[in-house]
Structure formats: C-alpha cells, structure tokens
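Below are the chains, spelled out letter by letter.
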Amino acid sequence: MPSPVSFLEKERMKAASIFLAMLMLAACGPKGQEQTPRLKPAMEAVYASGYVVAQDEYEVFAQAEGYLSEKLVDDGAEVKRGDALFILEADQQSARFRLAKENYAMARQNYRDGSPALNEAKAAFDASRTKLKFDSINFVRFTNLWKSRATSQAELDRMKLLYDNASADYAAQKNRYANLLNRLYLEEQNAKSQLEIAGDESSRYVVRSQVDGKVFKTLKEKGELVRRGEVVAVVGNDRNFYLQLNVDELDAHRLRTGQAMLVKVDAYPDQVFHAVVSKVYPFINKQQQSVRVDAALQDTLPGEFSGLALEANIIVAQKARALVIPKSALLPGDSVLVKTDRGTKKIAIRKGIETLDEVEVLSGIDSTTVFITP
C-alpha cells in the first residue's frame, strides 16, 4: 500500500494536468504584461481517482477448506443467484457426512415396523399378554372350583401366584416395548439432526453465487487447495456499473451528494463521461489520507468491464459568467498590482471560484481595471 505522502503527491500531480481544456483554463500571460479581467464561464472542481465497479460486486469467499474438485464456471460466465461456482472436497468432511448418512439409515431401519429390534420386543410383549390371558382364565376357573370345594386352597393360591406373575410380566413387557419405541424414535431424530448438520457443513463445500450477473474473475483452478475465508472469485451485476473514487481528505468538506462530475476512463481516452455523486462516506482512510466517494454514471460505458481505472473532476462550484484573472497575477494576501494614473498600486480582492490557473474576483476590481502580472 502506498505511503500517505506518495499517494498525495501522485494525486496532486495528476490533478495538475487533468481536463485543462474541459475546464476552459486560460494560458497565463508573460510577466509584466498588462491585462484586464475577463468575463467567462468558470468551474471549480475537486480531483478524484478510482475505478469502475459493477453493481452488487463482491468477492466470493470459501466457507470451508478443501481441494477444488470441480470448477463449474470460467471468467465472463453469466450466473444466477444460487448457481454453483465451485465444488470443494475434503476427505474428513466426506467421511463425517457418509457416517452420518449411514447412522441415519440404520436408525430409520430400527424404528420402522417389522425391524428386528421391534419384532423381538413385540414378540415378548405378545407372549406375556397370551400368558396373562391363560393364567387369568385358570385363576377364575380354580376360584370357581374352590367355591364348589372341588380343589384345595393351595392350588388356588398357586394359580393366583401364576396370575400375579403373568400380570406383572405383561406390564413390564408393555413398558419395555413403549420405552424401546421412544428410544428408537429419539435415535432416529438425533441421527437425522446429525445428518442435517453434516449436510449443512457439506453444502459449504459448494460455493454459490449470491447475485445474478457475471463472473468477472476466478482465482482458483481445479486441484488447488482452497482455505477457509480465501477469495475464490469476483462476481457482480454486469448490467449496471458505478464509480468508486478516492478524494484527498483536504477536499472532503467540499463534497456533497448530487454534485456533477466529468470522468475520463483510461480505457476510453477520447471520451468524457458524466456522473453524479451518490454517496460520500464519513470515514477517512488513514493510510491514503482520502475519503471514499461513490458516483452514479449518467452515460453508458462502451464495454462491460469492472475495474477500469479513471480520473474525475467533481464540480463543486460553477458560473456561466464570472470575472476572472490568471492566478499568476495574484499577490500574497489576495491582492493584485493594478495600473493607475499615478503608477501602480496593490489592491486587495475577494476571491470566488478557483481553478488551476484562474481565480474569480468577487470584489476589489472590475472588468475595466488594468492589472499587471508580476
């Protein structure tokens, strides 16, 4: 990253040469020449430099680490939101997903009707119910026999014990079967959740576009290692472009949304484009000592290229008729040397619009005053 000094020096050197004809700057006269102020259009502008950027342009970051197994798009490809751009592959994640899938399949198999685990528990439950029914009938029969004195008390007590045991076993088998059903259901739900988690992690290995537009640049090729958080592509809307500019922090206070600007794009040196300031960011870049400005293009660019370098003059003041003098005629203290009947005299003026080579005079002299370039 350039140092603050080098950045400002470079920007000011550029500002000294941009749009001289566009701003209708007059050449300075030779020293000692007598001149009068001129009425002419005047325009004051702030220099900016930057790039053409696609609307919704963003850097595509990998959400996981792996090897790029499939590159599904090339530079310049048209994509829709949600389209897969790359597929990453990692052995560890693939193994986790496969294991989760197998566990879920087994849990579903265990919970379905007719599974071996449920069949075994159900068979034991049915057997206990059959035995309970049999022992219940025997107990009733022996009770009736005892009432008719056809059996002994000991036999009746033995039948009652068998009935009580069968009743207790039936209740136990019933609870065991219900608990097994609940446990298998929970195991199936847990396995399903684990599969969904593994599937979500797996989906991070499919890198997708978040916008409709174009792939402006891909940064990885098939077989390369991609680390989590690494940029793998640049995607944006190739139907709309805006300007991303940097302006010297010394001029930040002069910027307003809605200001017009004249733009020169390096790739189209013979054309001048028009734009309007759409946003001034309230933050100074400490490294570059500049403020970011976004601008909306009023003209259509000839090509669909993002990243084109540009220079611009943001118009902060202009007049159709202004009284101007060359800056070279301006003396320290904002005064000029004028010719009078008694010789020369320094007269203070009040400045207005300033360009690189001229300054507007608001008061102090008029269009008939003769001044001398020192």
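Residues numbered from 1 in each chain as written. Predicted model: local features only at pLDDT ≥ 70, side-chain atom pairs only at ≥ 80, totals over all residues. Heavy atoms only, no water.

Going by an unreviewed UniProt entry, the chain carries the name Efflux RND transporter periplasmic adaptor subunit and comes from Chryseolinea lacunae.

Our focus in this paragraph is the nonpolar core. Among the nonpolar cores identified, the biggest contains 26 residues, and L243, M261 and V263 are the most heavily contacted of them. Looking at this core, the elements that each hand over two or more residues are β2 (38–61), β9 (231–248), β10 (260–265), β11 (273–285), β12 (290–297) and β13 (309–326). The contacts of L243, once residues within four sequence positions are left out, are Y51, V52, M261, V263, A275, V293, D294, A295, L297 and L310. The next biggest cluster of nonpolar side chains, apart from the first, holds 18 residues, and it includes L68, V73, F86 and V235. (Core = buried A, V, L, I, M, F, W, Y, C linked by side-chain atoms within 4.5 Å. Buried < 20%, exposed > 50% of the residue type's maximum accessible area, 1.4 Å probe, protein only. Helix = DSSP H or I, 4+ residues; strand = E, 2+ residues; numbered from the N terminus. Contact = heavy atoms within 4.5 Å.)

One face of the sheet, then the other: side chains in a regular strand alternate in exactly this way. Strand β15 (residues 343–348) sits mainly on the outside: zero of its six residues count as buried. Where strand β14 (residues 335–340) meets β15, six bridges bridge the pair, whose relative direction is antiparallel. Residue pairing for β15: V336 is matched across the bridge by I347. Counting the residues in the hairpin turn of β14 and β15 gives two residues. (Pairing = 2+ DSSP bridges.)

This part takes up the sheet that holds strand β18 (residues 371–372). Spatial strand order, β1-β18-β14-β15: four strands in an open sheet with antiparallel pairing. Strands at the two margins of the open sheet, each flanked by one partner only, are β1 (34–35) and β15. As paired strands, β14 and β18 are joined by two bridges and run antiparallel to one another. Counted as the bridge partner of L337 is I372 from β18.

Within the open sheet, the four strands sit side by side as β6-β5-β3-β8. Their pairing is antiparallel. At either margin of the open sheet sits one strand with a lone partner, and together these are β6 (206–208) and β8 (225–226). Summarising the sheet, strand β5 (residues 84–89) and β6 pair through three bridges and their orientation is antiparallel. Paired with I87 across the strands is V206, a residue of β6.

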